[in-house]
Amino acid sequence: MADDPNTRERILRTACGLFQRQGYHATGLNQVLAEGKAPKGSLYFHFPRGKEQLAAEAVTVGGRDVRDELRDALAAAQGPVDGLAAVADLLGARLAATGFRAGSPIATVALDVAAESEPIRTACAAAYTSWGAELTEWFASWGVPADRRASLATVVIAALEGALVLARVRQEVAPLREVAALVGGLVRGECRTATGL
């Protein structure tokens, strides 16, 4: 039925994966419906503003999933280098599981359409902000000075997103591990400045 909430979730999750692999423009609504095994009328029932709304919500869902996984990986870490290595391993495992076809749930869509769509740009920005919030909170727990946390979070996110692109192109996770090791050292240096570690 068109009003089945499971149908909405299935469409959203299917779209999230397709946008992540193919980008916005290469993903058609018929493909989303076919792969999501959803009836034709259900898409506009659940997403009355069409593909743009679907993409914005898919970015939100994908960004939230990564944020939650990021939080768990960082919480289990024994230190800054270990934490960023765990994040790199997480992102690398996600990428490898798709045969290096699906990179970031945000960057793929952002590069494709964020300049053309304010709702999608806003969703991308909010997802990155949520990742930054997790990182800044984690940095605080390691004694990084308050005036350095937000900038450091931006560096980490930018470095990891760039490493995801390189890993996807090279079809290997090494760029993620290399970036995590270097950025982890930077974070550790900030901790040492604050705490004498």
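Residues numbered from 1 in each chain as written. Predicted model: local features only at pLDDT ≥ 70, side-chain atom pairs only at ≥ 80, totals over all residues. Heavy atoms only, no water.

### Structural notes on the environment of Ala96
Turning to step 1, where the next piece is worked out: Looking at the secondary structure, you find Ala96 in helix H5 (residues 80–97).
Turning to step 2, where the next piece is worked out: The exposure class assigned to Ala96 is partly exposed, which follows from its relative accessible area of 38%.
Turning to step 3, where the next piece is worked out: Each C-alpha atom of the pair Ala96 and Gly28 lies 24 Å from the other, and the pair is 68 residues apart in sequence. (Helix = DSSP H or I, 4+ residues; strand = E, 2+ residues; numbered from the N terminus. Buried < 20%, exposed > 50% of the residue type's maximum accessible area, 1.4 Å probe, protein only.)

### Re the environment of Thr136
Turning to step 1, where the next piece is worked out: By the secondary structure assignment, Thr136 is in helix H7 (residues 118–141).
Turning to step 2, where the next piece is worked out: Residue class for Thr136 comes out partly exposed when judged on its relative accessible area of 22%.
Turning to step 3, where the next piece is worked out: Put simply, Thr136 and Gly17 are 119 residues apart on the chain and 28 Å apart in space, counted from C-alpha to C-alpha.
Turning to step 4, where the next piece is worked out: Among all residues touching Thr136, those that are not within four sequence positions of it are Arg149, Ala150 and Ala153. (Contact = heavy atoms within 4.5 Å.)

### Regarding the nonpolar core
Turning to step 1, where the next piece is worked out: Residues Leu54 and Phe139 are the most contacted members of the largest nonpolar core, which totals 56 residues.
Turning to step 2, where the next piece is worked out: Elements with a minimum of two residues in this core: helix H1 (5–22), helix H2 (29–35), helix H4 (51–75), H5, helix H6 (107–113), H7, helix H8 (146–170) and helix H9 (174–195).
Turning to step 3, where the next piece is worked out: With 10 residues, the single largest contributor to this core is H4.
Turning to step 4, where the next piece is worked out: Dropping the residues within four chain positions of it, Leu54 is found in contact with Ile11, Leu12, Ala15, Phe19, Leu29, Val32, Leu43 and Phe47. (Core = buried A, V, L, I, M, F, W, Y, C linked by side-chain atoms within 4.5 Å.)

### What to know about the packing of H4 against H7
Between two packed helices, the angle of one axis relative to the other and the distance separating the axes together describe the packing.
Turning to step 1, where the next piece is worked out: Contact geometry of H4 with H7 gives a least axis separation of 8 Å together with a crossing angle of 10°. It follows that H4 is roughly parallel to H7 by the angle criterion. Along the contact surface, H4 presents Glu52, Ala55, Ala56, Val59, Thr60, Gly63, Val66, Arg67, Leu70, Arg71 and Leu74, while H7 presents Pro119, Ile120, Ala123, Cys124, Ala127, Ser130, Trp131, Glu134, Leu135 and Trp138.
Turning to step 2, where the next piece is worked out: The residue inventory of the contact of H4 with H7, partitioned by class, reads 14 nonpolar, three polar and four charged. (Axes fitted to C-alpha atoms, helices over the stretch in contact; angles between N-to-C directions. Parallel < 35°, antiparallel > 145°, perpendicular 65-115°, else oblique. Nonpolar A, V, L, I, M, F, W, Y, C, P; charged D, E, K, R; others polar.)

### Thoughts on H5
Turning to step 1, where the next piece is worked out: Taking 1.5 Å as the rise per residue, H5 with 18 residues should run 26 Å; its terminal C-alpha atoms sit 26 Å apart, in good agreement.
Turning to step 2, where the next piece is worked out: Taken residue by residue, H5 has Pro80, Gly83, Leu84, Val87, Ala88, Leu91, Gly92 and Leu95 as its buried positions.
Turning to step 3, where the next piece is worked out: Gly99 occupies a position one or two residues after H5 and carries a positive phi of about 65°. (Expected span 1.5 Å × (residues − 1).)

### Describing the packing of aromatic side chains
Turning to step 1, where the next piece is worked out: Counting across every chain of the model gives four aromatic pairs.
Turning to step 2, where the next piece is worked out: Centre to centre, the rings of Phe19 and Tyr24 are 5.8 Å apart; their planes meet at 20°, and the pair counts as stacked.
Turning to step 3, where the next piece is worked out: Residue classification places Phe19 among the buried residues on the basis of a relative accessible area of 1%.
Turning to step 4, where the next piece is worked out: Each ring, one from Trp138 and one from Phe139, has its centre 5.8 Å from the other, and the planes form 45°; the classification is tilted. Phe139 carries the same exposure label as Trp138, and that label is buried.
Turning to step 5, where the next piece is worked out: Put simply, the rings of Trp138, Phe139 and Trp142 pair up and form one aromatic cluster. (Phe/Tyr/Trp six-rings, centres within 6.5 Å; stacked < 30°, edge-to-face > 60°.)

### Quick word on the pattern of salt bridges
Turning to step 1, where the next piece is worked out: In total, this model carries 11 salt bridges according to the counting rule given.
Turning to step 2, where the next piece is worked out: With a closest N to O distance of 2.7 Å, Arg94 and Glu69 form a salt bridge. With Arg94 in helix H5 and Glu69 in helix H4, this residue pair connects regions lying 25 residues apart in the sequence.
Turning to step 3, where the next piece is worked out: With its nearest N and O atoms 2.8 Å apart, the salt bridge here joins Glu134 to Arg71. Separated by 63 residues along the polypeptide, Glu134 in helix H7 and Arg71 in helix H4 bring together distant segments of the chain.
Turning to step 4, where the next piece is worked out: Glu134 gets classed as buried once you look at its relative accessible area, which sits at 13%. (Salt bridge = Lys/Arg side-chain N within 4 Å of Asp/Glu carboxyl O.)

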